[in-house]
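These are the residues of each chain, in order.
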Amino acid sequence: MTDLKDAFEKAVAESKQLPSKPDNETLLSLYSLYKQATEGDINTQNTPGMFDFVAKAKYDAWLKQKGMAGDVAMQLYIDLVATLKGGQS
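(A) Examining the packing of helix H2 (residues 24-39) against helix H3 (residues 53-63) more closely. The N-to-C vectors of H2 and H3 enclose an angle of 60°; their axes lie 8 Å apart at closest approach. Regarding the angle of H2 to H3, the classification is oblique. Here the hand of the crossing between H2 and H3 comes out right-handed. Counting all contacts with H2, which are made through Leu28, Tyr31, Ser32, Lys35, Gln36 and Glu39, the residues of H3 involved are Ala57, Lys58, Ala61 and Trp62. Broken down by class, the residue content of the contact of H2 with H3 amounts to 5 nonpolar, 2 polar and 3 charged.

(B) A look at the nonpolar core. Of all hydrophobic cores here, the largest spans 14 residues; its most connected members are Phe8 and Tyr77. Mapped onto this core, the elements with two or more residues apiece are helix H1 (2-15), H2 and helix H4 (70-87). Looking at this core, the element that brings in the most residues is H4, giving 6 residues. Filtering out sequence-adjacent residues up to four positions away, Tyr77 remains in contact with Phe8, Ala11, Val12, Ser15, Leu30, Leu33 and Tyr34.

(C) Structural detail: the environment of Thr47. In this structure, Thr47 sits in the loop between H2 and H3. Taking relative accessible area as the criterion, Thr47 reaches 51% and is therefore assigned exposed. Between the C-alpha atom of Thr47 and that of Asp71, which follows or precedes it by 24 residues, the distance is 25 Å.

Rules behind the numbers
- Residues numbered from 1 in each chain as written.
- Predicted model: local features only at pLDDT ≥ 70, side-chain atom pairs only at ≥ 80, totals over all residues.
- Heavy atoms only, no water.
- Axes fitted to C-alpha atoms, helices over the stretch in contact; angles between N-to-C directions.
- Helix = DSSP H or I, 4+ residues; strand = E, 2+ residues; numbered from the N terminus.
- Parallel < 35°, antiparallel > 145°, perpendicular 65-115°, else oblique.
- Left-handed = near helix turned anticlockwise from the far one by under 90°.
- Contact = heavy atoms within 4.5 Å.
- Nonpolar A, V, L, I, M, F, W, Y, C, P; charged D, E, K, R; others polar.
- Core = buried A, V, L, I, M, F, W, Y, C linked by side-chain atoms within 4.5 Å.
- Buried < 20%, exposed > 50% of the residue type's maximum accessible area, 1.4 Å probe, protein only.

Spelled out as C-alpha cells, the structure:
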C-alpha cells in the first residue's frame, strides 16, 4: 500500500499544478475522493446549513462515496488527476 499512498500524494501535489482549473463537477469529484481516501465515510451528523450551497455540494459529493474503501478512492483520485493532466497537455 505504500506505493499507492506515494502515488496518491504525488497526484494530490499534481492536482494543484494543473494548467487550467477543472470544472466544478470535476473539482467536487477530486474533493470527495480525497476526503474518502484520507478520512473515510462522511460524518452524517454534521450536515451543512440550508443556505451554505458550497458546503452542501461538497457534503453531497462526499456522501456519494460512502462505503468506498480508502485504497479504491486513492486509485480513482490518481486516475482522475492523470486524465486531467493528459487532457490538458
